[in-house]
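The lines below spell out each chain.
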Amino acid sequence: MKKTLILLLVAVLMGCGASAQVKWNNIEEASQIEVKNNNKLFFVDFSTSWCGWCKKMDRETFQDPVVSAILNQYYIPVSFDAEGNSSFTWNGTKYANNGKVVNGRKPTHPFTQAILGKQIGYPSFALFNKDRGLIQILQGYQSAYDFQMVLWFFANGDNIRYTFDEYRAIFDQEIKPDMMKKLGF
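The model shown is predicted, which means the values in this text are computed figures rather than measured ones.

Parameters and conventions
Here, residues in each chain are numbered from 1, in the same order as that chain's written sequence. The predicted nature of this model means local features are confined to residues of pLDDT at least 70 and side-chain atom pairs, given and counted, to a pLDDT of 80 or more, with totals for whole chains, interfaces and linings taken over all residues. As a convention, hydrogens and water are excluded, and side-chain values are obtained from all of the structure's heavy atoms. Whenever a pair of cysteine sulfur atoms sits within 2.5 Å, that pair is classed as a disulfide. Relative accessible area decides the class of each residue, using a 1.4 Å probe on protein chains only: under 20% of the type maximum gives buried, over 50% gives exposed, and in between gives partly exposed. Where helices and strands are cited, they refer to DSSP runs of H or I of at least four residues and of E of at least two residues respectively, numbered from the N terminus. Should any heavy atoms of two residues lie within 4.5 Å, those residues are considered in contact. In protein, a polar contact means a hydrogen-donor-capable atom and an acceptor-capable atom, both N or O and within 3.5 Å, with residues adjacent in sequence counting only if both atoms are side-chain atoms; elsewhere, any N or O pair within 3.5 Å suffices. Only buried Ala, Val, Leu, Ile, Met, Phe, Trp, Tyr and Cys residues count toward a nonpolar core, and they belong to the same one when joined by side-chain atoms within 4.5 Å.

(A) Spotlight on the state of the cysteines. For the coordinates displayed, the defined rule picks out 1 disulfide. Covalent S-S linkage joins cysteine 51 and cysteine 54, the inter-sulfur distance amounting to 2.3 Å. Judged by the sign of its S-S torsion, about 85 degrees, the cystine formed by cysteine 51 and cysteine 54 is right-handed. For the residue pair cysteine 51 and cysteine 54, the accessibility class agrees, reading buried in each case.

Structure below.
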């Protein structure tokens, strides 16, 4: 009996850990997702292999069970190598990185340039509506708590009802309890 309980506890804990994983899509997959029957937002994580803050976000923020639940349930999460050489069409525009490595540095992908403009820095995140229209760009490292708030602000449509300063002031008392309930926590 005791052994069965221990095995059950281990299985539950492993299941909880597995649920804290963001189900990432690559940009090619996401660019082909049919949007007509999809009410999810697109979330694009612009990162590079050399970005320390990107790795910290991967280890900490994206491993948070609430962050991963929001991303998996309300967004189509896309991990994008901002210096990669992928080719795809996004919102009717074709993108390909044909640049050459110069002084050991890979060129910035044209999609990164098109979305982030002159504010290229990593990590950066872009939120798009279901029709792939840009809603918001977020830049820099985000703690799990702050990211929960920002992701829910857009996913729940609260960006239409509140300014972000108003939202931040009421988040813990008025918004977060309902958010946690909707996410199944």
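(B) Region of the structure containing unusual backbone geometry. Along the chain, tyrosine 122 connects to proline 123 via a cis peptide bond; the corresponding omega equals -5 degrees. Inspection of the secondary structure puts proline 123 in the loop between α5 (110-116) and β5 (124-128). The phi dihedral of asparagine 91 falls on the positive side, at around 55 degrees, and the residue is not glycine. Its place among the elements puts asparagine 91 in the loop between β3 (87-90) and β4 (93-96). Residue asparagine 91 is classed as partly exposed on the basis of its relative accessible area of 48%. Of note in the backbone geometry, arginine 132 takes a positive phi value of approximately 70 degrees without being a glycine. As for its placement among the helices and strands, arginine 132 is situated in the loop between β5 and β6 (134-139).

(C) Structural context of the environment of tyrosine 75. Tracing the sequence through the fold places tyrosine 75 in strand β2 (residues 75-81). In this structure the C-alpha to C-alpha distance between tyrosine 75 and leucine 41, which are 34 residues apart in sequence, comes to 4.6 Å. Excluding its chain neighbours within four sequence positions, the residues that come into contact with tyrosine 75 are Lys40, Leu41, Phe42, Phe43, Ile70, Leu127, Leu151, Phe154 and Ala155. A polar contact of 2.6 Å, which involves the side chain of tyrosine 75, links it to the backbone oxygen of leucine 151.

(D) Region of interest: the nonpolar core. Judged by nonpolar contacts, the single largest core of 28 residues is most densely connected at Phe43, Phe62, Ile70, Leu71, Tyr75, Phe147 and Leu151. Of all the elements in the fold, those that place two or more residues in this core are β1 (41-47), α4 (65-74), β5, α6 (144-155) and α8 (164-183). A total of 8 residues in this core trace back to one element, the largest contributor, which is α6. Sequence-distant contacts of isoleucine 70, that is, excluding residues within four places in its chain, are made with Tyr75, Gln148, Leu151, Trp152, Met179 and Leu183. Counting residues in hydrophobic clusters, the runner-up holds 20 residues, among them Cys51, Trp90, Tyr122 and Phe128.

By themselves these figures say nothing about function.
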